[in-house]
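Summary of the model geometry
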Amino acid sequence: MHDKRDLGDRLAAFYREMVEWVGQKRKHFPLSSHEESRDQLLAYLYMKEHMPPDLMEDLEEEGLLLDGQEPHLIATVEQFLTYLRTPFDRGKEIRTVTRNEAKRLIDERTEAMFGPCAHSRRTRIMVTMDEAWADEPDIIERLLLYGMDIARINCAYGSPETWETLAAVIRRAEERLQQQLLGKRCRIYMDLPGPKIRVDRLAVHTGPVKLTVPKNEYGEPVQPLAGIISAARLPR
């Protein structure tokens, strides 16, 4: 076990530096809302880059784990300092959230993004659409009945016409189930492709190079090897 006073002093020094850094960086990311989430992210980035490994290990030996505490990192460090009986001064600018507040925010934002989940589970089911399903509406109906919450259309493949057809098939399947009083609906997400980088051939030809010299009837070289070897690219 480590001396708690020493451990608290080291954690307090790290905390002061982290709060100061977050206070400086947050000015570059002004927000009209969600300031608490911004500050937790900045604190997490600082921790990953600047937390001394020996301090992290000593905290873990005391049962004080920071991994997994990202949504409420600042408050967690403050709780550790309180446990170690080390005073600290956060300052008025830094926004913090408790564990319960962080959980509430995550639940609210998850529902806003993915919609409400089924009563029997907390997760959402996302299914990537196959282009062939545009001609097989029965498959879409079965997916809806089996609990699909989100239909993902991968826009890295296909065409706008294909994506529009898939979306229409999904909505028609929902309408048929509505008429059967089954009431199954889902969200449609269009997964946009990122930039693509194509690289030309790095070499026209690769392989061993055989160098030979003139030889006599007995297989003996009659003159030395002479020439120039160059790696310059030859014209096509």
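Right above here is the structure, for reference.
Procedures and definitions
- Sequence order sets the numbering: in each chain, residues are counted from 1 along the sequence as written.
- Only residues with pLDDT of 70 or above have their local features reported here, since the model is predicted, and side-chain atom pairs are shown and tallied only from 80 upward, although totals for entire chains, interfaces and linings are computed over all residues.
- Hydrogens are left out, water is left out, and the side-chain values use all remaining heavy atoms of the structure.
- Put simply, DSSP H or I for four residues or longer makes a helix, DSSP E for two residues or longer makes a strand, and each gets a number counted from the N terminus.
- Atoms counted for the radius of gyration: C-alpha only. Globule rule: 2.2 Å times residue count to the power 0.38.
- A 1.4 Å probe rolled over the protein chains alone gives each residue an accessible area, and that area as a share of the maximum for its type sets the label: buried under 20%, exposed over 50%, partly exposed in between.
- Working rule for contacts: check all heavy atoms of both residues, and any pair within 4.5 Å makes them a contact.
- For the accessible areas, the method is Shrake-Rupley and the probe is 1.4 Å, while residue cover comes only from the protein chains on display.
- Nitrogen and oxygen atoms within 3.5 Å of one another constitute a polar contact, given that in protein one can donate a hydrogen and the other can accept it, and given that sequence-neighbouring residues count only through two side-chain atoms.
- One speaks of a salt bridge when a side-chain nitrogen belonging to Lys or Arg is within 4 Å of a carboxyl oxygen belonging to Asp or Glu.
- Pairing between strands is defined by DSSP: at least two bridges between them are needed.
- Note on geometry: axes are lines fitted to C-alpha atoms, helical ones only across the stretch in contact, with angles between N-to-C directions running from 0 to 180 degrees.
- Centre distance within 6.5 Å is the pairing criterion for rings of Phe, Tyr and Trp, where only the six-membered ring of Trp is used; planes under 30 degrees apart are then read as stacked, over 60 as edge-to-face, and the remainder as tilted.

1. Quick notes on the overall build of the protein
Counting its secondary structure elements, the protein contains seven helices and three strands. Start at the N end of the protein and walk to the C end: the helices and strands fall as α-α-α-α-α-β-α-β-α-β. Over its C-alpha trace the protein gives a radius of gyration of 31 Å, far above what one expects of a compact globule, namely 18 Å for 236 residues. Judged by the C-alpha coordinates and their principal axes, the protein covers about 95 × 70 × 35 Å. The proportion of buried residues among the 236 residues of the protein is 29%. Counting contacts in the protein only where the partners sit at least 6 residues apart, residues at least 24 apart contribute 62% of the total. Working note: accessible area of the protein is about 17,000 Å², and carbon and sulfur atoms make up 54% of it.

2. Digging into the side chain of R26
Counting through the fold element by element, R26 comes out in the loop between α1 (4–25) and α2 (35–50). Among the polar contacts made by the side chain of R26, one reaches the side chain of D39 at a distance of 3.4 Å. Excluding anything up to four places from it in sequence, R26 contacts E35, R38, D39, L42, E93, I94 and R95.

3. Considering the pattern of salt bridges
Under the counting rule described, the total for this entry stands at 15 salt bridges. The residue R10 makes a salt bridge to D54 at a minimum N-O spacing of 3.6 Å. Taken as a pair, R10 in helix α1 and D54 in helix α3 (residues 53–61) lie far apart in primary sequence, 44 residues in all. A relative accessible area of 23% means that R10 is categorised as partly exposed. Residue D54 is classed as partly exposed on the basis of its relative accessible area, which comes to 43%. Here R152 and D191 are joined by a salt bridge, their closest N and O atoms 2.8 Å apart. Of the two residues, R152 sits in strand β2 (residues 150–154) while D191 sits in strand β3 (residues 187–191), which places them 39 residues apart along the sequence.

4. A look at the sheet that holds β3
Overall, parallel pairing links the three strands, which are arranged β1-β2-β3 in an open sheet. The open sheet has two free edges, formed respectively by β1 (126–128) and β3, since each of these has just one partner strand. With direction set aside, neighbouring strand axes in the sheet form an average angle of 25°. Bridge count for β1 against β2 is three bridges, and the pairing is parallel. Across the sheet, residue V127 finds its bridge partner in β2, namely A151.

5. Some remarks on helix α4 (residues 73–83)
The element α4 is largely enclosed, with a buried count of eight among its eleven residues. Of the surrounding elements, those touching the buried residues of α4 are α1 and α2. Phi for R85, located one or two positions after α4, is positive at around 60°.

6. Quick notes on the side chain of H72
Turning to its location among the elements, H72 is positioned in the loop between α3 and α4. By relative accessible area, H72 is classed as buried at 6%. Setting aside its immediate chain neighbours within four residues, H72 contacts Q40, V97, T98, R99 and A102.

7. A look at the packing of aromatic side chains
A complete count under the given rule lists four aromatic pairs for this structure. With centroids separated by 5.6 Å and ring planes inclined at 75°, the aromatic side chains of Y15 and F88 adopt a geometry described as edge-to-face. Residue Y15 is located in helix α1, and its partner F88 is located in the loop between α4 and α5 (99–114); the two are separated by 73 residues in the primary sequence. You can call F88 partly exposed: its relative accessible area is 33%. Aromatic pair F114 and Y189: ring centres 6.2 Å apart, planes at 40°, arrangement tilted. With F114 in helix α5 and Y189 in strand β3, this pair connects stretches of sequence that are 75 residues apart. Three or more aromatic residues link up through ring pairs in this structure, and these residues are F14, W21 and Y46.

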